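Coordinate analysis (summary)
Each chain is listed here by its residues.
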Amino acid sequence: MGSEPGDEVDPSLIDSAEAAALRERAVGVLAEQHHIEPSEARTLLFVLAEYLGRSADAVAAEILDRAAARRAAIDDPPQAEDLAPE
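Basis of the calculations
- Residues numbered from 1 in each chain as written.
- Predicted model: local features only at pLDDT ≥ 70, side-chain atom pairs only at ≥ 80, totals over all residues.
- Heavy atoms only, no water.
- Helix = DSSP H or I, 4+ residues; strand = E, 2+ residues; numbered from the N terminus.
- Contact = heavy atoms within 4.5 Å.
- Axes fitted to C-alpha atoms, helices over the stretch in contact; angles between N-to-C directions.
- Parallel < 35°, antiparallel > 145°, perpendicular 65-115°, else oblique.
- Nonpolar A, V, L, I, M, F, W, Y, C, P; charged D, E, K, R; others polar.
- 1 Å grid on protein atoms, 1.4 Å probe; cavity = no way out; pocket = protein on both sides within 12 Å on 5 of 7 lines; lining within 4 Å.
- Points joined across faces, edges and corners; volume = space filled by probe spheres on them.

Description of the side chain of Arg23
When you line up the elements, Arg23 lands in helix α1 (residues 17–34). Leaving out residues up to four positions away in the same chain, Arg23 has contacts with Asp15, Leu45, Phe46, Ala56, Asp57 and Ala60.

Considering the packing of helix α2 (residues 38–52) against helix α3 (residues 56–75)
α3 packs onto α2 with a crossing angle of 110 degrees between their chain directions and a minimal axis gap of 9 Å. Taken together, the axes of α2 and α3 are roughly perpendicular relative to one another. Along the contact surface, α2 presents Leu45, Phe46, Leu48, Ala49 and Leu52, while α3 presents Ala56, Val59, Ala60 and Ile63. Tallied by class, residues from the contact of α2 with α3 come to nine nonpolar, no polar and no charged.

A few points about the layout of surface pockets
One number sums up the size of the largest pocket: a volume of about 170 Å³. In this structure, the largest pocket is lined by Leu30, Gln33, Leu48, Leu52, Arg54, Val59, Glu62, Ile63, Arg66 and Arg70. Those elements giving two or more residues to the lining of the largest pocket turn out to be α1, α2 and α3. Counting residues per element, the lining of the largest pocket draws most heavily on α3, at five residues. Class assignment for the residues of the lining of the largest pocket results in five nonpolar, one polar and four charged.

Here you go:
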């Protein structure tokens with residue numbers, strides 16, 4: 001049985017594995033940071049995207065970038081000479 005002429009899926013609606021993985025990693029970060037369940041974090045991601053007027057993928061990427069920056073700051077705390085006035 002072949003597909004009917006009207007059964008084609010719009011390619012723009014097909015989610016890439018990379019985009020889905022990006023969102024899932026961001027959901028994990030949100031869940032951990034806010035001490036909430038992954039399902040709540042997933043909802044939060046989509047609500048944030050809607051509120052900001054951006055795609056969920058763009059918001060997920062920003063969440064991951066900020067989490068990486070926080071980890072880097074923790075791993076490499078400022079030294080005394082970094083805090084001295086110039």
